[in-house]
Amino acid sequence: MKKLTALLSSLILTGSALNTFAAPQPALIKIDPDRTIGDVDPNIYSSFLEPVGNRFGGVVYGPLYDPKSPLSDENGFRRAYLQQMKSLNVSSVRWPGGNFVSGHHWMDAIGPKDQRPVSLDLSRTRAESNQMGTDEYVEFCRLIGAENFICINAGTGTIEEAAHWVEYTNAPAGTHYADLRVKYGHPEPYGVKYWALGNEPDGPWQLGHKNKEDYTKFALEAAKAMRGVDKEILLVAAGPSNYPLVTSSYDPNDGWTDWTDYVLDHMAGVIDYISLHRYVFQVLRAIDEPTFADQMSLGMEIDRLIEITQGQIEKTMVKSGTDRPIYISFDEYGARGTNLAGPLLLAQHLNAFIRHADIVKMANLTFLTSLAGITPEGDYKTSLYYPFFLYSNHCRGTALDVYTRCETYDNKVFQAIPYLDVTAVLNSADGKLVVNVVNRSETDAIPADLELQAGDYTGQGQVHLITADSLEATNTAAEEQVRTVTSALKFKGNRISHTFPAHSLTQLEIALKQ
């Protein structure tokens, strides 16, 4: 009987131990302020404008520029739009395209507005009033405190036209195109620093579509002429935009990496950036019926493209022997959708740019209008406004190399997708450590332990949370369903235990001891 009792006791204890062992452990996030990646360039908090559509179905005309509205200023810009952009600290604005620019001739959009021609936008077969041109874009950027980032016409445009544009914006008075600027009321040069050498020439949808050899010849000569006007400008070569599943004509034997290699090898020493364009929802074409979990995996694609391109840049730097650095300008990307997936995908993009702060020095969200809800009667904050605000206002400083241990999942496209997407930025200027956590899970809250492996902290901070009860939650002029909710954070020592709600973005602001 004693032996039986002992055996039963042993089985009970063993079962208890097994149950204890099988209990899920909290995720683990380790952050060491000494493990740095690089400085976060404020230009990753940038955006993109293109005159697509008209009135309030459009991007420029209506929401931004509406001179007939009583809600607009003396320049014709909607006051609420300007205010929202200033609050978002948008660092630069890429304009005027986009596909539009490959058929746009900048001289059609300068001078007295009643004398500007209405031209045919061949990229979309629509009339373009040219009321929003160089001087208007420059003034808009000045009003919101953003740098101008001009994309030249490398489709139907010429090398000479590109050089004349630099002269108009950057040259002092005394030459023809600079004097035109003066004539139209702008005596001082604009000093436009960033110039893109065309938009998506690798894409068969583009006016003036080119192969990599023809594009590179054009871009090198355009760069020579443009720098002949202003040697201080920074140039962005057109990297890839055509990937598998984007077009039926994509050739994997002469694909996006081949384009990137060729452009880098032939333009190293001349360019300062190579662009990446990627709309990650194109990846979902590989999945018959994409789920929320599939959507939440798409940030993995941004990391993948950046890391491959960074390797190509490093190879080119060794081959060329140039000491002129080349960075990535991720100057078109989109967080498609106004429901909750949109803000969470925007956060994943921004996390990827922070995680690669050593190489990504520019990023431009498509479109600037997606951050501002503007109607004929008023304005509201879109669901994308809130995550962009959190990052652009708080995540400035030094990106840190974060260790994250959490559960993962697979889908048809990616493997080992971590449920928690985590970045951290040491913002010494504001005396805080900022931690960004996206919980990709549709249904499960995830408890986690944060180990702050070095540094002195006050034990206080703030928690900013973006989530909603429904995945279909969105913001309209009538109702705001997605917003930031802020609460206090308190902890002891260098360890924080926190539970990250399902389908959410959480930003922790952790105060440093001064």
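Refer to the structure presented above.
Residues numbered from 1 in each chain as written. Predicted model: local features only at pLDDT ≥ 70, side-chain atom pairs only at ≥ 80, totals over all residues. Heavy atoms only, no water.

A. Looking closely at the overall build of the chain. Helices and strands together make up the secondary structure of the chain, namely 11 helices and 25 strands. Taking 24 Å as the expected radius of gyration for a compact globule of 514 residues, we find that the chain reaches 25 Å, a close match to that expectation. Structurally, the chain occupies a C-alpha span of about 105 × 55 × 50 Å along its principal axes. Classification of the 514 residues of the chain by burial places 57% in the buried group. Contacts in the chain between residues at least 24 apart in sequence constitute 75% of all its contacts with a sequence separation of at least 6. Per element, the accessible surface of the chain, about 21500 Å² overall, is 52% carbon and sulfur. Here the chain contributes 44 positive and 62 negative side-chain charges, whose respective centroids are spaced 4 Å apart. (Helix = DSSP H or I, 4+ residues; strand = E, 2+ residues; numbered from the N terminus. Rg over C-alpha atoms; globule rule 2.2 N^0.38 Å. Buried < 20%, exposed > 50% of the residue type's maximum accessible area, 1.4 Å probe, protein only. Contact = heavy atoms within 4.5 Å. Areas by Shrake-Rupley, 256 points an atom, 1.4 Å probe, with all protein chains shown as cover. Lys, Arg positive; Asp, Glu negative; His and termini not counted. Charge placed at Lys NZ, Arg CZ, Asp CG, Glu CD.)

B. Layout of the packing of aromatic side chains. If you walk through the whole model with that rule in mind, you get 23 aromatic pairs. For the ring pair Tyr61 and Tyr65, a centre distance of 6.2 Å and an interplane angle of 75 degrees mean the geometry is edge-to-face. Just as Tyr61 is buried, Tyr65 falls in that class too. Relative to Phe389, the ring of Tyr385 lies with its centre 6.0 Å away and its plane at 20 degrees, an arrangement referred to as stacked. Placement of the pair is Tyr385 and Phe389 together in helix α11 (residues 385-394), with a separation of four residues, close to one helical turn. The partly exposed category is assigned to Phe389, whose relative accessible area is 28%. Each residue in the set Trp95, Trp106, Tyr137, Trp165, Tyr168, Tyr177 and Trp195 is aromatic and connected to the rest through ring pairs, giving one cluster. (Phe/Tyr/Trp six-rings, centres within 6.5 Å; stacked < 30°, edge-to-face > 60°.)

C. Up close: helix α2 (residues 79-88). Turning to α2, its buried residues are Tyr81, Leu82, Gln84, Met85 and Leu88. Summarising the axial view, the buried residues of α2 lie within an arc of 165 degrees, below the 170-degree limit, and thus occupy one face. Just downstream of α2, Asn89 is the residue with a positive phi angle, here 55 degrees. (Arc of directions from axis to C-beta.)

D. Broad picture of the sheet that holds strand β21 (residues 446-452). What the four strands build is an open sheet, ordered β16-β1-β21-β24; its pairing is mixed. Since the sheet does not close on itself, it has two edges, and those belong to β16 (403-405) and β24 (495-500), each with one partner. Across the sheet, the mean angle from the axis of one strand to that of its neighbour is 20 degrees, orientation sign disregarded. (Pairing = 2+ DSSP bridges. Axes fitted to C-alpha atoms, helices over the stretch in contact; angles between N-to-C directions.)

E. Molecular detail of the nonpolar core. Counting 120 residues, the largest nonpolar core has Phe140 and Leu197 as the members making the most contacts within it. Looking at this core, the element that brings in the most residues is helix α10 (residues 341-355), giving nine residues. Setting aside residues up to four positions removed in sequence, Leu197 forms contacts with Ile152, Ala154, Tyr215, Ala219, Ala222, Ala223, Met226, Leu235, Val236, Ala238, Met267 and Ile271. Of all hydrophobic cores here, the second largest spans 26 residues; its members include Leu400, Leu433, Leu489 and Leu508. (Core = buried A, V, L, I, M, F, W, Y, C linked by side-chain atoms within 4.5 Å.)

F. Focus on the side chain of Asp230. Of note, Asp230 is situated in the loop between α6 (212-229) and β9 (234-237). Among buried charged residues, Asp230 stands out as having no salt bridge; its nearest opposite-charge side chain is Arg227, 7.6 Å away. At 2.9 Å, the side chain of Asp230 forms a polar contact with the side chain of Asn170. Residue contacts for Asp230: discarding those within four places in its chain leaves Val166 and Asn170. (Salt bridge = Lys/Arg side-chain N within 4 Å of Asp/Glu carboxyl O. Polar contact = N/O pair within 3.5 Å; in protein donor to acceptor, adjacent residues only side chain to side chain.)

G. Looking closely at the environment of Glu479. Mapped onto the elements of the fold, Glu479 is located in the loop between β22 (457-467) and β23 (483-490). Under the relative-accessibility criterion, Glu479 is labelled partly exposed at 44%. For the pair Glu479 and Tyr380, spaced 99 residues apart in sequence, the C-alpha to C-alpha distance is 9.0 Å. Here Gln481 takes part through its side chain, which lies 3.4 Å from a polar atom of the side chain of Glu479.

H. Representation of the pairing of strand β20 (residues 432-439) within the structure. The element β20 is extensively covered by neighbouring structure, given that eight of its eight residues are classed as buried. Of the two faces of β20, the one lined by Lys432, Val434, Asn436 and Val438 and the one lined by Leu433, Val435, Val437 and Asn439 are each fully buried. Sheet topology note: the strand β19 (residues 420-427)/β20 ladder contains eight bridges and is antiparallel. If you follow Leu426 over to β20, its bridge partner there is Leu433. Taken together, β19 and the strand that follows it, β20, pair antiparallel across an intervening segment of four residues, in which Gly431 is found at a positive phi of about 65 degrees.

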